[in-house]
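Here is what each chain is made of, one letter per residue.
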Amino acid sequence: MIENVLHPRILENKDWATFLFVLSFSIIAITKSVFETRFADFSKLIYSDKYINIYKDSSHLKSGFTISLFFVQVISLAFLIQLLLSHFGYASKTDWILYIQIITFLIFFILSKYLIEKIIATSFDIEEFIEQFNLQKVIYRTYIGLFLLPINVILFYYDSISRNILVCIVAIVLIINILTYLISIKNYQTLIFGKIFYFILYLCAFEIAPYYFMYYWFTKGIA
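Residues numbered from 1 in each chain as written. Predicted model: local features only at pLDDT ≥ 70, side-chain atom pairs only at ≥ 80, totals over all residues. Heavy atoms only, no water.

Here the focus is the overall build of the protein. If you tally the helices and strands in the protein, you get nine helices and zero strands. Long-range contacts, defined here as pairs at least 24 residues apart, represent 78% of the contacts in the protein between residues at least 6 apart. Just so you have it, the protein exposes about 13800 Å², and 70% of that area is on carbon and sulfur atoms. (Helix = DSSP H or I, 4+ residues; strand = E, 2+ residues; numbered from the N terminus. Contact = heavy atoms within 4.5 Å. Areas by Shrake-Rupley, 256 points an atom, 1.4 Å probe, with all protein chains shown as cover.)

Given below as structure tokens:
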């Protein structure tokens, strides 16, 4: 007699992720429709600096275009972090509670960093420079976030992704981030050299130290 052993089938809930992906693409579509010319210039950022030259005023940091695409960037980055944790065995990619924790931490980290930077910049009388510098970083990072969004969709719904591919994606993102820093420094080299001491202080305190402590905390937390 053959004994049949029944195993419960575990169904992973991916509806929340589908909703966020659809929401992100909808925001992109609406933004493209409302800011058609601006979005066209933004989409050419990979090979043209026209967008940077036109929208370099710091007031654009708080524009509807920047804020809406920044929201998509945060969603995309949070997915990438959760997917990395999942593929390296530290979490489940379908854990929506973990995703909420990640995206909440990202928003809190980014906003806190921005507000502290603004206070320090005002104290050192370099507010306009820091606003413009932050605008360029936001522009390039938003572009990276939009580029990562379809990649995140593939990584989320396709289970057989090589770790080497993930490592390559992270390496490319880090390299692009470094390049954007170099581009921003080149674009504002006159202002930077005029306030070189404050810039070095800003770079160490707000662009190196926070990410170092995050890395230290993360590696110690999962050890």
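Continuing now.
By volume, the second largest pocket is sized at about 270 Å³. Taken together, L45, I46, Y140, Y143, I144, F147, I176, L179, T180 and I183 make up the full set of residues lining the second largest pocket. Residue composition of the lining of the second largest pocket, grouped by class: nine nonpolar, one polar and no charged. (1 Å grid on protein atoms, 1.4 Å probe; cavity = no way out; pocket = protein on both sides within 12 Å on 5 of 7 lines; lining within 4 Å. Points joined across faces, edges and corners; volume = space filled by probe spheres on them. Nonpolar A, V, L, I, M, F, W, Y, C, P; charged D, E, K, R; others polar.)

Here F156 is to be found in helix 6 (residues 127–157). With 70 residues separating them along the chain, F156 and S86 place their C-alpha atoms 9.8 Å apart.

A cluster of nonpolar residues, I175, I178, L179, L182 and I183, forms a patch on the protein surface that exposes about 460 Å² of accessible area. Assignment of secondary structure puts I183 in helix 7 (residues 163–187). (Patch = residues over 30% accessible without salt bridge, like charges linked within 9 Å, V, L, I, M, F, W, Y side chains within 5 Å. Salt bridge = Lys/Arg side-chain N within 4 Å of Asp/Glu carboxyl O.)

This next bit is on the packing of aromatic side chains. According to the stated counting rule, one finds 18 aromatic pairs in the structure shown. Arranged with centres 4.4 Å apart and planes meeting at 20°, the rings of F21 and F79 form a pair that is stacked. A residue pair is termed long-range when its members are at least 10 positions apart, and F21 in helix 1 (residues 15–34) and F79 in helix 4 (residues 64–87) qualify at 58 residues. For the pair F21 and F79, one class covers both residues: buried. Geometrically, the ring pair formed by F42 and Y51 is edge-to-face, given 5.4 Å between the ring centres and 70° between the ring planes. Within the aromatic cluster, the residues linked to one another by ring pairs are F35, F39, F42, Y51, Y55, F65 and Y143. (Phe/Tyr/Trp six-rings, centres within 6.5 Å; stacked < 30°, edge-to-face > 60°. Buried < 20%, exposed > 50% of the residue type's maximum accessible area, 1.4 Å probe, protein only.)

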